[in-house]
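Single-letter residue listing:
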Amino acid sequence: MNRPRFETAQVLGRNHHQFAQMGLNAWQQRTLHALRKCRTAALGGHIAPCDHPECGSIHLSDNSCRNRHCPKCQGHLGEAWIRKQEDNLLNVPYFHLVFTLPSELHPLCLQKPRLIYNLLFKTAWEVVHDFGQNPKWLGAKPAMIALLHTWGQNLTLHPHLHCIVPAGGITKKGRWKKAKKKGKFLFPVKALSKVFQARFVGQLRKQIQQAKDFFEALFQKSWVVYCKNTFCRASDRGRVPRAVLP
């Protein structure tokens, strides 16, 4: 595998002087500092003797930052999380949904991240849940695994929620009900987008005090909701799902 031309730490190091102009809070500044200094002399070092009986060499290594956002020292935890979620997959098709916040909300994402991101999780689940309960689309209780991404591939602020939703749900009688269209269709994305937009803004109005023009601007453009059946069945990978339905 070819090494990337640039690492995250290098990008942060070359542009760290711009962070002071972004209005980042103390936690965000500490996180960026940790990623920038990870495995460098700035964090100190440690001695690690080789445990091979015929070697015995002494190696000096720089300390890791151990920040959960660091791609260097916490990447293996992400892989472990993925493996753990795979153990919970059902033997059904899955859909990949993405709920994205518009750029007008980016300043609030930096100023009030806990409020905005909690509201993002809450609203996305309520929308998926209510569409699933609607007999027109499914008529059963759905499920969802969600993962928050706050930055895009170009390292700019791009808050969005990745959701894994099975193509079906549990009826009131405790039975599994398949999604319509043989698992090739879940919910209409245009309707999802409008409902997600209206509910998020409605809840946000109750949480913060802003000028009327601010909330009106949030309705000036369409919000993006992506949905595609990109996940294969658990049995297609040669494994047995842990969850068994009646």
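Values in this document were obtained by computation on a predicted structure and should not be read as measured data.

Novice: What is the right way to look at the overall build of the chain in this model?
Specialist: Across its full length, the chain holds seven helices and eight strands. Residues counted as buried form 32% of the 246 residues belonging to the chain. When contacts within the chain are restricted to residue pairs at least 6 apart in sequence, those whose partners lie at least 24 apart make up 64%. Carbon and sulfur atoms make up 54% of the accessible area of the chain, which amounts to about 15,900 Å² in all.

Novice: I tried to follow the confidence of the model for the chain on my own but got confused; where do I start?
Specialist: Regions with low pLDDT carry predicted coordinates that are not meant to be interpreted in detail. Taken as a whole, the chain shows an average pLDDT of 82; of its residues, 87% reach a score of 70 or greater. Mean pLDDT across the secondary structure elements of the chain bottoms out at helix H3 (residues 75–86), with 70, and peaks at helix H5 (residues 113–133), with 96. Contacts from residues 233–246, a stretch scored under 50 in pLDDT, to residues over four places away or in other chains number 26 contacts.

Novice: Would you mind going over unusual backbone geometry with me for this structure?
Specialist: A negative phi holds for most residues other than glycine; trans holds for most peptide bonds. Of note, the phi angle at Arg39 is positive, near 60°, even though the residue is not glycine. Note on Arg39: relative accessible area 42%, which makes it partly exposed.

Novice: Looking at this structure, I do not really get helix H6 (residues 189–207). What am I missing?
Specialist: Within an α-helix, residues lying three or four positions from one another point in the same direction, as the helix has 3.6 residues per turn. An ideal rise of 1.5 Å per residue puts 27 Å on 19 residues; H6 measures up with 27 Å between its terminal C-alpha atoms. The set of residues buried in H6 consists of Leu192, Ser193, Phe196, Gln197, Phe200, Val201 and Leu204. Across the axial projection of H6, the buried residues extend over an arc of 140°, all falling on one side. Away from the buried face of H6 by more than 90 degrees, exposed residues Lys194 and Lys206 are located.

Novice: I keep staring at a nonpolar patch on the surface and nothing clicks. Help me out?
Specialist: On the surface, a nonpolar cluster with roughly 360 Å² of combined accessible area is contributed by Ile47, Ile58 and Leu60. Turning to its location among the elements, Leu60 is positioned in strand E2 (residues 58–62).

Novice: Can you walk me through the side chain of Ser193 in this structure?
Specialist: By the secondary structure assignment, Ser193 is in helix H6. Ser193 gets classed as buried once you look at its relative accessible area, which sits at 11%. Of the polar contacts made by the side chain of Ser193, one reaches the backbone oxygen of Val189; its length is 2.8 Å. If we ignore the near neighbours within four places in the chain, the residues touching Ser193 are Trp223, Val224 and Val225.

Novice: I keep staring at the pattern of salt bridges and nothing clicks. Help me out?
Specialist: For side chains bearing opposite charge, pairing can occur when the charged atoms are close. Scanning all chains against the criterion turns up four salt bridges. Among the salt bridges present, the one from Glu126 reaches Lys122, with a minimum N-O distance of 2.7 Å. On the criterion of helical spacing, the pair formed by Glu126 and Lys122 is a turn pair, its members being four residues apart in helix H5. With a relative accessible area of 26%, Glu126 lands in the partly exposed category. With a relative accessible area of 40%, Lys122 lands in the partly exposed category. Here Lys212 makes a salt bridge to Glu216, at a shortest N to O gap of 3.9 Å. On the criterion of helical spacing, the pair formed by Lys212 and Glu216 is a turn pair, its members being four residues apart in helix H7 (residues 212–217).

Novice: When you look at the nonpolar core in this model, what are you seeing that I'm missing?
Specialist: For soluble globular proteins, nonpolar side chains are generally found buried alongside one another. Counting residues in each nonpolar core, the largest one holds 47 residues, and the members touching the most others are Leu97, Phe99, Leu101, Leu105, Phe196, Phe200 and Leu204. When contributions to this core are tallied by element, the ones reaching two or more residues are helix H2 (26–37), strand E3 (94–100), helix H4 (106–111), H5, strand E5 (157–166), H6 and H7. The dominant element in this core, judged by the number of residues it contributes, is H5, at eight residues. Other than its neighbours up to four places away in sequence, Leu101 contacts His106, Cys109, Ile116, Leu120, Pro159, Phe196, Phe200 and Trp223.

Novice: Any chance you could explain the packing of aromatic side chains here in plain terms?
Specialist: For any pair of aromatic rings, geometry is given as the distance between the ring centres together with the angle between the planes. Using the criterion set out here, one finds six aromatic pairs in the structure. Between Phe131 and Phe187 the ring centres are 5.7 Å apart and the planes differ by 55°, which places this aromatic pair in the tilted class. On the criterion of sequence distance, the pair formed by Phe131 in helix H5 and Phe187 in the loop between strand E7 (176–178) and H6 is long-range, its members being 56 residues apart. One aromatic cluster is present, built from ring pairs that chain together Phe99, Phe196, Phe200 and Trp223.

Criteria and cut-off values
Residues numbered from 1 in each chain as written. Predicted model: local features only at pLDDT ≥ 70, side-chain atom pairs only at ≥ 80, totals over all residues. Heavy atoms only, no water. Helix = DSSP H or I, 4+ residues; strand = E, 2+ residues; numbered from the N terminus. Buried < 20%, exposed > 50% of the residue type's maximum accessible area, 1.4 Å probe, protein only. Contact = heavy atoms within 4.5 Å. Areas by Shrake-Rupley, 256 points an atom, 1.4 Å probe, with all protein chains shown as cover. pLDDT = per-residue confidence, 0-100. Expected span 1.5 Å × (residues − 1). Arc of directions from axis to C-beta. Patch = residues over 30% accessible without salt bridge, like charges linked within 9 Å, V, L, I, M, F, W, Y side chains within 5 Å. Salt bridge = Lys/Arg side-chain N within 4 Å of Asp/Glu carboxyl O. Polar contact = N/O pair within 3.5 Å; in protein donor to acceptor, adjacent residues only side chain to side chain. Core = buried A, V, L, I, M, F, W, Y, C linked by side-chain atoms within 4.5 Å. Phe/Tyr/Trp six-rings, centres within 6.5 Å; stacked < 30°, edge-to-face > 60°.

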